[in-house]
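Analysis of the macromolecular model
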Amino acid sequence: MPVREWWIYPKFMDALTASLALGGLVVLAAASGFLIRAREGRAKILTNAVRVTPEQLGLRRGDLPFGSTATFVQFSTEYCAKCPATRVLLAETARAHPGVRHVDIDVTQRPDIAQRFTLKQTPTTLVLDEAGMIAARIGGAPRPDALARALDIARRRDHGSYTI
Amino acid sequence: MAATPSKKTAASTTKTSSGSPANPLAAKPGSTGIDPRGPRFGAVITFVLLGIDVILGLTGPSVEAGTSWAVRVTDPAFILLLVITLIFAWGTFAGIQRHPYGVLFRTLIRPRLSAPTELEDPVPPTFAQLIGFVVTSVGVVLALLGVPYGLVVAAAFAFVAAFLNGVFGYCLGCQIYVLLVRAGILGRTRA
């Protein structure tokens, strides 16, 4: 019998090895699931002072879309499972804090906006301070505690690297 | 769709801040909301079937080069992946509300559960069915062409996505959407 090189003629795998391969796949999927769960909804605090203008979000300045103390800018798409729940959380939090507004931007028709803010997932939330500077960025459905912390930082005047 | 983005966002902003009494998680007018546990139940069945298919694929002739047509189309791994693909096609084109697993969920599982705390928009899970359909179709085509491991790799990708959906409630298909928008593949209907 000629020797078969596995990369040319792979032999069928036996059932045990195939089950082990599937087990490896389960471990991989579960590990990614736990990683996603651990990272999702956390606030990334930004200190590099990037200002967002209403024009960049496809809004007109006359709409006065930003809040007087802070603004939640939510990026959504039409095909987004967690966007509606995020909309409720952000709108309720904004209502509970005077001077805080919630703006929901649907980027389904605006790839330019999705590109500018390098959206990797929706919902993505930017928490802006009163000057429109990005204080924090939250990828995925925000955790309430992370949102509260981000709002707290946005309402602070001293941002560490800069002061408004 | 016809409205300019600024008007659209301005309208949705005022709607959310005014605090309408209607359930904001409900589906858009014109479509009925679905129990979010339905698609998740379907994802569990899907990842179990895909797991079986990965085993069948690894232990069958789809990993072998130079197989004949007769071997390829009678391979159990191929037949099962074709069935899974057709079910994804059903969910994509008939809508998630008419999905066979959804019917199974409503008749067998739902009566034993408490009422859903919220209803979900059917559009995102229907889009996820489309992504599943595309991935498994690639596997079916590669298996027909006799590309070694093509079937297994496609089934493995779909398995991971369905596992994340069924076990963690994470909709990978929905997450991919914004990346497709950024790449300019989807969503650019605006002139």
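Residues numbered from 1 in each chain as written. Chains lettered and ligands numbered in written order. Predicted model: local features only at pLDDT ≥ 70, side-chain atom pairs only at ≥ 80, totals over all residues. Heavy atoms only, no water.

1. Topic: the confidence of the model for chain B
Residue and element names in this part refer to chain B. Selection rule: Values of pLDDT, the confidence the predictor places in each residue, fall between 0 and 100. Each helix is a run of DSSP H or I of at least 4 residues and each strand a run of E of at least 2, with the numbering of both proceeding from the N terminus. The contact criterion used is simple: two residues touch if any of their non-hydrogen atoms lie within 4.5 Å.
Here chain B averages 82 in pLDDT, and 81% of its residues register 70 or above. For chain B, per-element mean pLDDT is lowest for helix H1 (residues 5-18), which scores 37, and highest for helix H4 (residues 76-93), which scores 96. Below pLDDT 50 for its whole length, residues 1-22 participates in 26 contacts with residues either more than four positions away or in separate chains. This complex was scored by the predictor with a pTM of 0.79 and an ipTM of 0.77.

2. Here we look at the nonpolar core
The line we're drawing: Definition of nonpolar core: a set of buried residues of the types Ala, Val, Leu, Ile, Met, Phe, Trp, Tyr and Cys, connected through side-chain atoms within 4.5 Å. Working definition: with a 1.4 Å probe on protein chains only, accessible area under 20% of the residue-type maximum means buried, over 50% means exposed, and in between means partly exposed.
Counting residues in hydrophobic clusters, the biggest one holds 30 residues, and the most contacted among them are Leu25 of chain A together with Leu50, Leu151, Phe159 and Phe163 of chain B. Mapped by element, the contributors of at least two residues to this core are helix H1 (15-39) of chain A together with helix H2 (37-59), H4, helix H6 (123-145) and helix H7 (150-168) of chain B. Tallying contributions element by element places H7 of chain B first for this core, with 11 residues.

3. Side note on the state of the cysteines
All names here are of chain B. Put simply, the test is: Disulfide assignment relies on a single distance test, namely cysteine sulfur atoms paired within 2.5 Å.
Per the stated rule, a full pass over the model turns up 2 disulfides over all chains. There is a disulfide in this structure between cysteine 171 and cysteine 174, and the S-S distance comes to 2.1 Å. Between cysteine 171 and cysteine 174, the S-S torsion sits near 65°, and that sign places the bridge as right-handed. A single burial state applies to cysteine 171 and to cysteine 174, both of which are buried.

4. Examining the packing of aromatic side chains
Stated formally: Two aromatic rings from Phe, Tyr or Trp, using only the six-membered ring of Trp, form a pair when their centres are within 6.5 Å; if the ring planes differ by under 30 degrees the pair is stacked, by over 60 it is edge-to-face, and anything between is tilted.
In the structure shown here, the tally under the stated rule is 11 aromatic pairs over all chains. Both rings, one in phenylalanine 34 of chain A and one in phenylalanine 168 of chain B, keep their centres 5.1 Å apart while their planes meet at 85°; by these two values the pair is edge-to-face. One end of the pair, phenylalanine 34 of chain A, is in helix H1; the other, phenylalanine 168 of chain B, is in helix H7, on a second chain. Between the aromatic rings of tyrosine 79 of chain A and phenylalanine 127 of chain B, the centroid separation amounts to 4.7 Å while the plane-to-plane angle is 35°, which identifies the pairing as tilted. Of the two residues, tyrosine 79 of chain A is situated in the loop between strand E2 (70-76) and helix H2 (83-96) and phenylalanine 127 of chain B in helix H6; the pairing between them involves two chains. Judged by its relative accessible area of 6%, phenylalanine 127 of chain B is buried. Put simply, the rings of Phe34 of chain A together with Phe47, Phe159, Phe163 and Phe168 of chain B pair up and form one aromatic cluster.

5. A look at helix H5 (residues 100-109) of chain B
Residue and element names in this part refer to chain B. Rule in force here: Arc definition: it is the arc formed by the directions from the helix axis to the C-beta atoms.
Listed as buried for H5 are Tyr101, Gly102 and Phe105. Down the axis of H5, the buried side of the element spans an arc of 105°, and every buried residue falls inside it. Contacts made by the buried residues of H5 are with H2 and H4.

6. Considerations on a nonpolar patch on the surface
All names here are of chain B. What counts here: Only residues above 30% relative accessible area that lack a salt bridge enter a patch, with like-charged residues linked at up to 9 Å and the nonpolar side chains Val, Leu, Ile, Met, Phe, Trp and Tyr linked at up to 5 Å. Here, Shrake-Rupley sampling with a 1.4 Å probe gives the accessible areas, and only protein chains in the shown set may cover a residue. Salt-bridge detection follows one rule: a side-chain nitrogen of Lys or Arg within 4 Å of a carboxyl oxygen of Asp or Glu.
Together, Val44, Val48 and Ile52 make up an exposed nonpolar region whose accessible area comes to about 210 Å². As for its placement among the helices and strands, valine 48 is situated in helix H2. According to the relative accessible area criterion, valine 48 is partly exposed, its value standing at 43%.

7. Quick look at the environment of leucine 46 of chain A
All names here are of chain A. Mapping leucine 46 onto the fold places it in the loop between strand E1 (43-45) and E2. Note on leucine 46: relative accessible area 18%, which makes it buried. Leucine 46 sits 85 residues away from alanine 131 along the chain, and the two C-alpha atoms are 14 Å apart.

8. Remarks on the pairing of strand E4 (residues 124-129) of chain A
All names here are of chain A. The cut-off we apply is this: DSSP calls a pair of strands paired once it identifies at least 2 bridges connecting them.
The buried fraction of E4 amounts to 6 of the 6 residues, a majority that puts the element mostly inside the structure. Burial along E4 is two-sided: Thr124, Leu126 and Leu128 and Thr125, Val127 and Asp129, pointing in opposite directions, are all buried. Direction of pairing for E2 relative to E4: antiparallel, over a ladder of 6 bridges. Counted as the bridge partner of phenylalanine 75 is threonine 124 from E4. One ladder, built from 5 bridges, connects E4 with strand E5 (residues 134-139); its direction is antiparallel. In the strand pairing of E5, valine 127 is matched with alanine 136. From the end of E4 to the start of E5, which pair antiparallel, there are 4 residues, and glycine 132 there has a positive phi angle of about 85°.

9. Brief notes about empty space enclosed by the protein
Residues and elements named next belong to chain B. Counted only if it meets this: Only protein atoms enter the 1 Å grid, on which a cavity is a set of points fitting a 1.4 Å probe that cannot get out and a pocket is an open set with protein on both sides within 12 Å along at least 5 of 7 lines, lining residues being those with an atom within 4 Å of a point. Grid points are joined across faces, edges and corners, and a volume is the space filled by probe spheres set on the points. Residues are grouped as follows: Ala, Val, Leu, Ile, Met, Phe, Trp, Tyr, Cys and Pro are nonpolar; Asp, Glu, Lys and Arg are charged; all remaining types, including Gly, are polar.
A complete count under the given rule lists 2 cavities of 30 Å³ or more for this structure. Space inside the largest cavity adds up to approximately 80 Å³. Elements with a contribution of two residues or more to the lining of the largest cavity: helix H3 (69-74) and H6. In terms of residue class, the lining of the largest cavity is made up of 5 nonpolar, 3 polar and 3 charged. Approximately 40 Å³ is the volume found for the second largest cavity.

10. Concerning the pairing of E5 of chain A
Residue and element names in this part refer to chain A. Along E5, 6 of the 6 residues are buried, which leaves the element largely enclosed by surrounding structure. Of the pairings in the sheet, the one linking E1 to E5 comprises 3 bridges and is antiparallel in character. For alanine 43, the partnering residue across the bridge sits in E5 and is isoleucine 138.

11. Here we look at the pattern of salt bridges
In total, this model carries 6 salt bridges over all chains according to the counting rule given. A salt bridge links arginine 156 of chain A to aspartate 152 of chain A; the shortest N-O distance between them is 3.5 Å. For aspartate 35 of chain B, the salt bridge goes to arginine 110 of chain B, with nearest N and O atoms at 3.4 Å. Taken together, the residues span a long stretch of sequence, with aspartate 35 of chain B in the loop between H1 and H2 and arginine 110 of chain B in the loop between H5 and H6 at a distance of 75 residues. Using a relative accessible area of 5% as the deciding quantity, one classes aspartate 35 of chain B as buried. You can call arginine 110 of chain B partly exposed: its relative accessible area is 30%. Among the ionic contacts, a cluster of salt bridges with common partners joins Asp35, Arg37 and Arg110 of chain B.

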